Amino acid sequence: MDKLFLVELSGGNIRHCELELPATDYELLDALDKLRLSEADKLYFDICDYYGYNYLAPFISDTLNLYELNALSGSWLI
């Protein structure tokens, strides 16, 4: 599967990880597990690379969560 985005994930602690989207359910869970977020922590992500799909940037809202961004990235590859 082609990847559209490279995102950096972080939370309320010093841990962070990178994830390529679209990701499988297991890849998402693995990345979140690496962060070890508590219930009080908020998940933040930043798109580091668009892998040549920069024209998608205007369609990405700041209000999207990680799951919505993953679903959006998967729909562009159909």
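All of these numbers come straight from a predicted model, not from anything done at the bench.

Conventions used here
Residues numbered from 1 in each chain as written. Predicted model: local features only at pLDDT ≥ 70, side-chain atom pairs only at ≥ 80, totals over all residues. Heavy atoms only, no water. Pairing = 2+ DSSP bridges. Helix = DSSP H or I, 4+ residues; strand = E, 2+ residues; numbered from the N terminus. Axes fitted to C-alpha atoms, helices over the stretch in contact; angles between N-to-C directions. Contact = heavy atoms within 4.5 Å. Core = buried A, V, L, I, M, F, W, Y, C linked by side-chain atoms within 4.5 Å. Buried < 20%, exposed > 50% of the residue type's maximum accessible area, 1.4 Å probe, protein only. Patch = residues over 30% accessible without salt bridge, like charges linked within 9 Å, V, L, I, M, F, W, Y side chains within 5 Å. Areas by Shrake-Rupley, 256 points an atom, 1.4 Å probe, with all protein chains shown as cover. Salt bridge = Lys/Arg side-chain N within 4 Å of Asp/Glu carboxyl O.

1. Let's talk about the sheet that holds strand E3 (residues 44-49)
Okay, step 1: What the three strands build is an open sheet, ordered E2-E1-E3; its pairing is antiparallel. Here the strands that pair on one side only, and so sit at the sheet edges, are strand E2 (16-21) and E3. Taken over all neighbouring pairs, the strand axes of this sheet differ in orientation by 30° on average, direction set aside.
Okay, step 2: Where strand E1 (residues 5-10) lies against E2, six bridges are found, and the strand directions are antiparallel. Within the sheet, the bridge partner assigned to Ser10 lies in E2 and is His16.
Okay, step 3: Seen against the sheet, helix H1 (residues 25-35) touches E1 and E2 and runs at an angle of roughly 170° to E2.

2. Details of the nonpolar core
Okay, step 1: Phe5, Val7, Leu9, Leu19, Leu21, Ile47 and Leu69 are the most contacted members of the largest nonpolar core, which has 17 residues in total.
Okay, step 2: Elements supplying a minimum of two residues to this core: E1, E2, H1 and helix H2 (66-75).

3. Let's talk about a nonpolar patch on the surface
Okay, step 1: A surface patch of nonpolar side chains, amounting to about 360 Å² of accessible area, comprises Tyr55, Phe59 and Trp76.
Okay, step 2: Within the secondary structure, Trp76 is located in the segment after H2.
Okay, step 3: With relative accessibility at 36%, the residue Trp76 sits in the partly exposed group.

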